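Secondary and tertiary structure notes
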Amino acid sequence: MSTPITPEPKEGHHFIERADAWLDARTGIDSILHESLDEPIHGGARWAYVFGSGLLFLFMSQVITGVFLTFYYVPSADHAHTVVSYMVKVVSSGSFIRSIHAYGSSGIIIVLCLHVGQTILYGSYKGKRELLWLSGCILMALMLGMSFTGYLLPWDEKAYFATAVGTNLIAEVPWIGPLLQKLVRGGDQMGTLTISRFFVLHVFILPGMLIAFIVGHVFFFRKAGAAGPINEDPIEPKLPSVPFYPRQVLMDAAFAVVLIGILAVIAKMIPMDLGPSANPADTHFLPRPEWYYRPAFQWLKYLSGRWSLVGGIIMPAILALVFAAVPFLDRKLERRPWKRPITVGAFLLFLVCYTGLGFASYHDDYSDPAMAAQMHKQDADSQAFMNSPFIPETAGGGTPANVASADPIVVKGHALFQSQSCNSCHGEDATGTAAAPALTGVGAKYSEAQLEALLHAPNIKMTAGGMQPVALEAKDLEALSTYLRQLH
Ligand code: HEC
């Protein structure tokens, strides 16, 4: 050790000074603060630089609100929707925190666009900043992964169907697609394993990677230094430098206050909605992703069928590669945007196309009357669900009436009755709905063998009513029919 340990300050100093000296002797905090706050910015502080720290701030806000949401969340197809509706309808400020988190993800996308736009227009990726750019590209991909995995977790109709579309796309990957899809879903169908996989990605793996890459990104940024205004030499800056603190710190802080202020106002005025629980049997639901995925969604609509491999996988992959390669392709040190028509032009063209596709998607939905009616119905359904009181779960993950049974086979049968979506037509406790009759008394009507045969091959009337043949293993089928036969 070259620096001797400084002796503890004597009595009589101000408490703060003493505490600081105590801490500094053990951590070197003073030089760390000096390093981070007195970083030189060539050309001085600017509002154009606030987006990076704005992103960091939003990320921290997501972590904090996310931790609160995790206190209540249960990653299971049986319970996820109930606990989220509990959070929204019962927990005080639960809806507010959930809304901040949900709108925060949109906020991140917007600020991300501004950050990337500023970097491209200013040519700030030039001059030995390739790793800085690449770590940024990975952060962007991780963020998109965060919003994709987070969207499923409430397990309402829109979450379920949008993720079904998203994961269907994975199957388009050549050769390994179907396997990959199975891996992501945790099986052929979406269910509890899909939720728990998405949950682990959303809460552990992706945030862990994000933190690691944020550290790397900030490190590379510090190493290269701020690129400065567009007429600055990105490698050997000539403009006089001004320390990061206080002006830039204050600008960054002001931007953070604006961001959280906007989020809070929107979260308070328009709480993020939660739709009815996912019903895989609902064949009318029109799945729609978050607004920032809308253009991609529309693009896939144009290039569906035999073009889906090209449109859904190959072209986006090429686009991503070209984007990641920008600092390798555009190597001149010229930074003024009007002198760099190709990079800047390509970026603006992409923005125009992406926005255009987004508008086309909304236009398609609301210009066709049948489609518009369905979209409005879906909105109305979620509003109605939001306004209805919270209904707690009871034993067995179902409704009380007949799950009081201690017989595990009956409990399992009841669970299958729900997971197979029989409840969507026959009602929660098989007490019947407008779509299908009550099943009470089928035990007297059919023997076990007859009932199983009927479930395997529904009769004409059942098929006409939309009922599908049950495809379950012998044991599960037995549990389902045992449950049905004990209903009275
Ligand atoms: C799309 C709606 C729908 C779904 C989903 C559905 N059913 Fe049905 N089911 C019907 C209709 C409609 C009938 C009555 C047909 C008739 O006889 O009029 C029926 C009849 C039945 C019957 C015969 C009742 C009787 O008294 O003869 C049984 C048993 C039955 N369903 C069990 C199930 C089970 C178990 C599931 C889940 C695997 C299921 N259904 C899912 C619509 C549905």
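Quick caveat: nothing in here was measured; it's all calculated off a predicted structure. (Residues numbered from 1 in each chain as written. Predicted model: local features only at pLDDT ≥ 70, side-chain atom pairs only at ≥ 80, totals over all residues. Heavy atoms only, no water.)

The next thing to look at is the site of the ligand. In the neighbourhood of the ligand, 24 residues make up the surrounding shell, with Cys 422, Cys 425, His 426, Tyr 446 and Met 467 lying closest. In the model, an oxygen atom of the ligand is placed 2.7 Å from a nitrogen or oxygen of the Lys 445 side chain. The contact in question runs from an oxygen atom of the ligand to an N or O atom on the side chain of Tyr 446, over 2.5 Å. Elements with a contribution of two residues or more to the shell around the ligand: α18 (423-426), α19 (442-445), α20 (448-456), α21 (460-464) and α22 (474-485). Class assignment for the residues of the shell around the ligand results in 16 nonpolar, six polar and two charged. (Near = heavy atom within 4 Å. Polar contact = N/O pair within 3.5 Å; in protein donor to acceptor, adjacent residues only side chain to side chain. Helix = DSSP H or I, 4+ residues; strand = E, 2+ residues; numbered from the N terminus. Nonpolar A, V, L, I, M, F, W, Y, C, P; charged D, E, K, R; others polar.)

Our focus in this paragraph is a nonpolar patch on the surface. Residues Val 63, Ile 64, Val 67, Phe 68, Phe 71, Tyr 72, Tyr 86 and Val 90 make up a contiguous nonpolar surface patch of roughly 750 Å² in combined accessible area. Sort the elements by how many residues they give to the nonpolar patch and helix α3 (residues 50-72) lands first, with six residues. Within the secondary structure layout, Phe 71 lies in helix α3. (Patch = residues over 30% accessible without salt bridge, like charges linked within 9 Å, V, L, I, M, F, W, Y side chains within 5 Å. Areas by Shrake-Rupley, 256 points an atom, 1.4 Å probe, with all protein chains shown as cover. Salt bridge = Lys/Arg side-chain N within 4 Å of Asp/Glu carboxyl O.)

On to the environment of Arg 294. By the element assignment, Arg 294 lies in helix α11 (residues 294-302). Residue Arg 294 is classed as buried on the basis of its relative accessible area of 4%. Discounting chain neighbours no more than four positions away, the residues touching Arg 294 are Arg 288, Pro 289, Ser 361, Tyr 362, Asp 365 and Met 375. Of the polar contacts made by the side chain of Arg 294, one reaches the side chain of Ser 361; its length is 2.7 Å. (Buried < 20%, exposed > 50% of the residue type's maximum accessible area, 1.4 Å probe, protein only. Contact = heavy atoms within 4.5 Å.)

Before going further, it helps to examine the coordination of the iron atom of the ligand. Of the protein atoms, only His 426 (NE2) and Met 467 (SD) coordinate the iron atom of the ligand, at distances of 2.0 to 2.1 Å. Around the iron atom of the ligand sit six donor atoms; with metal-centred angles ranging over 87 to 179 degrees, the donor geometry is octahedral. With His 426 in helix α18 and Met 467 in the loop between α21 and α22, the pair connects residues that are 41 residues apart, well separated along the chain. By relative accessible area, Met 467 is classed as partly exposed at 23%. (Donors = N, O, S within 2.8 Å, 3.2 Å for Na, K, Ca; no water. Tetrahedral: all angles 85-135°; square planar, octahedral: opposite > 155°, others 65-115°.)

Quick look at the nonpolar core now. Counting 25 residues, the largest nonpolar core has Leu 58, Val 111, Leu 210 and Phe 255 as its most contacted members. Of all elements in the fold, only α3, α5 (94-121), α6 (130-152), α9 (192-224) and α10 (247-269) reach the threshold of two or more residues within this core. Counting residues per element, this core draws most heavily on α5, at six residues. Excluding anything up to four places from it in sequence, Leu 58 contacts Gly 107, Ile 108, Val 111, Leu 259 and Leu 263. If you look at the next biggest cluster of nonpolar residues, it comprises 22 residues, including Tyr 73, Ile 195, Phe 385 and Met 386. (Core = buried A, V, L, I, M, F, W, Y, C linked by side-chain atoms within 4.5 Å.)

Before going further, it helps to spend a moment on the state of the cysteines. If you walk through the whole model with that rule in mind, you get zero disulfides. Cys 137 takes part in no disulfide bond, and the closest cysteine sulfur to it belongs to Cys 113, at a distance of 13 Å. You can call Cys 137 buried: its relative accessible area is 15%. Free cysteine: Cys 353, not disulfide-bonded; nearest cysteine sulfur from Cys 113 at 15 Å. (Disulfide = S-S within 2.5 Å.)

So, on to the packing of aromatic side chains. If you walk through the whole model with that rule in mind, you get 16 aromatic pairs. Note on Tyr 72 and Tyr 86: the rings are 6.4 Å apart at their centroids and 50 degrees apart in plane angle, and the pair reads as tilted. Highlighted residues: Tyr 72 in helix α3 and Tyr 86 in helix α4 (residues 80-89), separated in sequence by 14 residues. Between Phe 350 and Tyr 354 the ring centres are 5.4 Å apart and the planes differ by 25 degrees, which places this aromatic pair in the stacked class. Linking Phe 350 with Tyr 354, this pair stays in helix α14 (residues 341-367), spanning four residues, or about one helical turn. (Phe/Tyr/Trp six-rings, centres within 6.5 Å; stacked < 30°, edge-to-face > 60°.)

What follows covers the pattern of salt bridges. Evaluated as defined, the whole model comprises 13 salt bridges. Note that Arg 331 is salt-bridged to Glu 130, the shortest N-O span being 3.1 Å. Placement of Arg 331 in the loop between α13 (326-329) and α14 and of Glu 130 in helix α6 is noted, with a sequence separation of 201 residues between them. With relative accessibility at 52%, the residue Arg 331 sits in the exposed group. Judged by its relative accessible area of 17%, Glu 130 is buried. A salt bridge links Arg 340 to Asp 330, with the nearest nitrogen and oxygen atoms 3.9 Å apart. Separated by ten residues along the polypeptide, Arg 340 in the loop between α13 and α14 and Asp 330 in the loop between α13 and α14 bring together distant segments of the chain. For Arg 340, a relative accessible area of 5% corresponds to the buried category. Look at the salt bridges and you will find they share partners, linking Lys 126, Asp 330 and Arg 340 into a network.

What follows deals with the packing of α3 against α10. Two numbers describe how α3 lies on α10: the axes approach to 9 Å, and their chain directions differ by 45 degrees. The angle between α3 and α10 falls in the class oblique. The two elements α3 and α10 cross, and the hand of that crossing is right-handed. On α10, the residues touching Val 50, Phe 51, Ser 53, Gly 54, Phe 57, Leu 58 and Ser 61 of α3 are Gln 248, Met 251, Asp 252, Phe 255, Ala 256, Leu 259, Ile 260 and Leu 263. Here the residues of the contact of α3 with α10 sort into ten nonpolar, four polar and one charged. (Axes fitted to C-alpha atoms, helices over the stretch in contact; angles between N-to-C directions. Parallel < 35°, antiparallel > 145°, perpendicular 65-115°, else oblique. Left-handed = near helix turned anticlockwise from the far one by under 90°.)

Our next topic: the domain arrangement of the chain. By domain assignment, the chain separates into domain 1 (1-37), domain 2 (46-377) and domain 3 (395-485). A straight line from the C-alpha centre of domain 2 to that of domain 3 covers 42 Å. (Domains from an automatic or database assignment.)

A few words now on the environment of Phe 68. Relative to the helices and strands, Phe 68 is located in helix α3. Along the chain, Phe 68 and His 101 lie 33 residues apart, while their C-alpha atoms are 9.9 Å from each other.

All right, on to helix α12 (residues 308-324) then. The end-to-end C-alpha distance of α12, which contains 17 residues, comes to 23 Å, matching closely the 24 Å that a straight helix rising 1.5 Å per residue would cover. The sharpest bend along α12 measures roughly 30 degrees and falls at Ile 314, with the proline Pro 316 sitting one to four residues further on. Burial in α12 covers these residues: Ser 308, Gly 311, Gly 312 and Ala 324. Lining the buried residues of α12 we find α6, α7 (157-170), α11 and α13. (Expected span 1.5 Å × (residues − 1). Bend = angle between axes of the 7 residues up to and from the residue.)

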